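Fold and geometry: a report
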Amino acid sequence: MAEVAETVVAVATESNEATRWDGPRWDGLILGANLVTLTDDSGYGLIEQGALGWRDGVLQFVGPVSGLPALPEQLARQVIQAKGCITPGLIDCHTHAVFAGDRAGEFEQRLRGVSYEEIARSGGGIVSSVRATREASEEELFVQSLPRARALRDDGVTTLEIKSGYGLDFDNERKMLRVARRIGDELGISVRTTFLGAHALPPEFAGRADAYIDSVCEWLPRLHGEGLVDAVDAFCERIGFTLEQTRRVFEATRALGLPVKLHADQLSDGEGAALVAEFGGLSADHVEHTSEAGVRAMAQAGTVAVLLPGAFHCLRETVLPPLDAFRQHGVPMAVATDCNPGTSPLQSLRLAMSLACTHFRLTPEEALRGATHNAARALGLSDRGALRVGMRADFAHWNIRQPAELGYWLGGDPLLASYSSGERLV
Ligand code: NIG
Ligand code: FE
């Protein structure tokens, strides 16, 4: 890593306000770092000796220092001299970061050879996190979940998706979504909430999965009415819900004009990717077992493939997602942590990028694009994920020489600073 720091070289005052620059003054300007803009379809879009200026939370200038229209101190109220690299803020587009308790005991069971599916079928797995989450008060749930979101933020995340799905009744799903929103307020990051009522069958509905789906479809408009739902997800799998049940959840979602996404084809090919594509879904996630037909459907619908190498790693999976088919058909690939207590207790999106490179053979550039530009797309957000004038001033400043280092280092603490909408977070 480069031994770099940042120095504030000028803070404008009223007295040096006289300027040849006629435009409004920017709030901030960072000079000298390499900008990893990701503005084109391929390549890092690197600008060496770059300048990044923002005002009112929006990027005003992205280019070489030599291209600045006036002297830095004339352009911005605060000018920061920097080295290293600046990327778009990282976007973790798939997490279950709000939950109570942990499942370290199941981790030990799995290491003794019991499979994730066996644990789930014997009353453990997701349902055991449901028990703990239901028992926790809203405050306890917030206190337990906040450090995970903070760890993600402190490693460069500026936008974080958080799912419900460990409440599985109206009040507890609502509690989870409220905690997710509060985390965003507390940490200054953008939190996008996803209702995942169809995550698992709660014990009180044993043998009555269709009736449970009726309830999920009834809760959804109420939760949406409280402003708690940005998107809807389901777990379509042998140990989750069937295609037909998932379809019903999606129809209820479509009726509200909300977007869908899906835990699809994680443990088996259940044709989930094709279903979510049929609904014009934002993303199909996991997708280890997705067929060529599923990939084609995703390409046609513009559905993003969200790769979750943390779950692949922790479950010691061996079947890779159809990466070449995604590339051939032009399906954008995102990378996320899937931060959850069962299959992916992963609290670093940088580490997810590294796992994506090692296990899935993504290039470091694909991994970075997957954790920024394509992740924004997987959340339906077009105002972030690249460094371009007019986009949100969400960016991360790293103590690295080249962008490939983001998928290279395992651990460490390379983040120097991060900004959300021009406000400094870290
Ligand atoms: O993304 N597959 C379903 N949902 C999570 C696991 C949640 C859990 O085991 O608690 C996942 O892997
Ligand atoms: Fe997940």
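Residues numbered from 1 in each chain as written. Chains lettered and ligands numbered in written order. Predicted model: local features only at pLDDT ≥ 70, side-chain atom pairs only at ≥ 80, totals over all residues. Heavy atoms only, no water.

An unreviewed UniProt entry lists the protein under the name Imidazolonepropionase, with Pseudoxanthomonas sacheonensis given as the organism. Of the comments in the UniProt record for the protein, the one headed Catalytic activity (unreviewed entry) reads "4-imidazolone-5-propanoate + H2O = N-formimidoyl-L-glutamate". Here the protein is described in UniProt, under the heading Function (unreviewed entry), as follows: "Catalyzes the hydrolytic cleavage of the carbon-nitrogen bond in imidazolone-5-propanoate to yield N-formimidoyl-L-glutamate. It is the third step in the universal histidine degradation pathway." (UniProt positions renumbered as here; feature names shortened; annotations may be inferred.)

1. Thoughts on the overall build of the protein
On a plain count of helices and strands, the protein comes out with 15 helices and 19 strands. Taking 426 residues into account, the globule formula puts the C-alpha radius of gyration at 22 Å, and the protein, at 22 Å, falls close to it. With respect to the three principal axes, the spread of C-alpha positions in the protein is 75 × 45 × 40 Å. Across the 426 residues in the protein, those meeting the buried criterion constitute 59%. For the protein, long-range pairs separated by at least 24 residues make up 72% of all intrachain contacts whose partners lie at least 6 apart in sequence. On the protein, roughly 16,300 Å² of surface is accessible, and the fraction owed to carbon and sulfur atoms is 49%. For the protein, the separation between the mean place of its 40 positive charges and that of its 56 negative charges on side chains is 1 Å. (Helix = DSSP H or I, 4+ residues; strand = E, 2+ residues; numbered from the N terminus. Rg over C-alpha atoms; globule rule 2.2 N^0.38 Å. Buried < 20%, exposed > 50% of the residue type's maximum accessible area, 1.4 Å probe, protein only. Contact = heavy atoms within 4.5 Å. Areas by Shrake-Rupley, 256 points an atom, 1.4 Å probe, with all protein chains shown as cover. Lys, Arg positive; Asp, Glu negative; His and termini not counted. Charge placed at Lys NZ, Arg CZ, Asp CG, Glu CD.)

2. Remarks on the site of ligand 1
The immediate surroundings of ligand 1 are formed by 15 residues, with R103, Y116, Y166, D338 and T343 found nearest. In this structure, an oxygen atom belonging to ligand 1 sits 2.9 Å away from a side-chain N or O atom of H286. Protein contacts shield 100% of the accessible area of ligand 1, which totals 330 Å² for the unbound molecule. Residues belonging to the shell around ligand 1 are distributed by class as follows: four nonpolar, nine polar and two charged. (Near = heavy atom within 4 Å. Polar contact = N/O pair within 3.5 Å; in protein donor to acceptor, adjacent residues only side chain to side chain. Nonpolar A, V, L, I, M, F, W, Y, C, P; charged D, E, K, R; others polar.)

3. A short note on the coordination of the iron ion (ligand 2)
In this structure, H94 (NE2), H96 (NE2), H263 (NE2) and D338 (OD) serve as the protein donors to the iron ion (ligand 2), at separations of 2.1 to 2.3 Å. Each donor residue of the iron ion (ligand 2) lies on one chain, and together they are spaced H-x1-H-x166-H-x74-D. A residue pair is termed long-range when its members are at least 10 positions apart, and H96 in the loop between β9 (90-92) and α2 (104-111) and D338 in the loop between β16 (333-335) and α13 (349-360) qualify at 242 residues. Here the two residues H96 and D338 agree in accessibility, since each one is buried. (Donors = N, O, S within 2.8 Å, 3.2 Å for Na, K, Ca; no water.)

4. Quick word on the UniProt feature "binding site: 4-imidazolone-5-propanoate" (unreviewed entry) in the protein
UniProt marks R103, Y166, H199, Q266 and T343 with the feature "binding site: 4-imidazolone-5-propanoate" (unreviewed entry), using the numbering shown here. Summarising the element assignment, T343 is placed in the loop between β16 and α13. Looking at T343, the relative accessible area reads 4%, which means it is buried. The residues touching T343, leaving out its near neighbours within four places in the chain, are Y116, G310, A311, C314, L315 and D338.

5. Focus on the sheet that holds strand β10 (residues 157-163)
Read across the sheet, eight strands follow the order β9-β10-β11-β12-β13-β14-β15-β16 without closing on themselves; strand pairing throughout is parallel. Only two strands of the sheet have a single partner each, and these edge strands are β9 and β16. Averaged over all pairs of adjacent strands, the angle between strand axes in this sheet comes to 25 degrees, irrespective of strand direction. Taken together, the three bridges between strand β15 (residues 304-307) and β16 define a ladder with parallel strand orientation. By the bridge assignment for β16, A305 is matched with M333. Against the sheet, helix α8 (residues 243-255) contacts β11 (190-198), β12 (231-236) and β13 (261-264), and its axis sits at roughly 175 degrees relative to β12. (Pairing = 2+ DSSP bridges. Axes fitted to C-alpha atoms, helices over the stretch in contact; angles between N-to-C directions.)

6. Description of the pairing of strand β5 (residues 50-55)
When you tally the buried positions in β5, you get five out of six residues, the bulk of the element. Judged from the four bridges that link them, strand β2 (residues 26-31) and β5 form a sheet pairing that is antiparallel. By the bridge assignment, L29 is partnered in β5 with G53. Both β5 and strand β6 (residues 58-64) contribute to a ladder of six bridges, which runs antiparallel. Bridging from a neighbouring strand, R55 pairs with V58 of β6.

7. Topic: the environment of Q347
Following the sequence through the fold, Q347 ends up in the loop between β16 and α13. Assessed through its relative accessible area of 37%, Q347 is described here as partly exposed. For the pair formed by Q347 and D269, sequence separation is 78 residues and the distance between their alpha carbons is 28 Å. Apart from the residues within four sequence positions on either side, Q347 is in contact with P147, R148, A151, L152 and C339.

8. A short note on the packing of helix α5 (residues 138-153) against helix α6 (residues 170-187)
Packing of α5 against α6 leaves a shortest axis separation of 9 Å and a crossing angle of 50 degrees. For the element pair α5 / α6, the angle class is oblique. The two elements α5 and α6 cross, and the hand of that crossing is right-handed. Here α5 contributes E138, E139, L141, F142, S145, L146, A149, R150 and R153 to the contact with α6, which in turn contributes K175, M176, R178, V179, R182, I183, E186 and L187. A class-by-class count of the residues in the contact of α5 with α6 yields eight nonpolar, one polar and eight charged. (Parallel < 35°, antiparallel > 145°, perpendicular 65-115°, else oblique. Left-handed = near helix turned anticlockwise from the far one by under 90°.)

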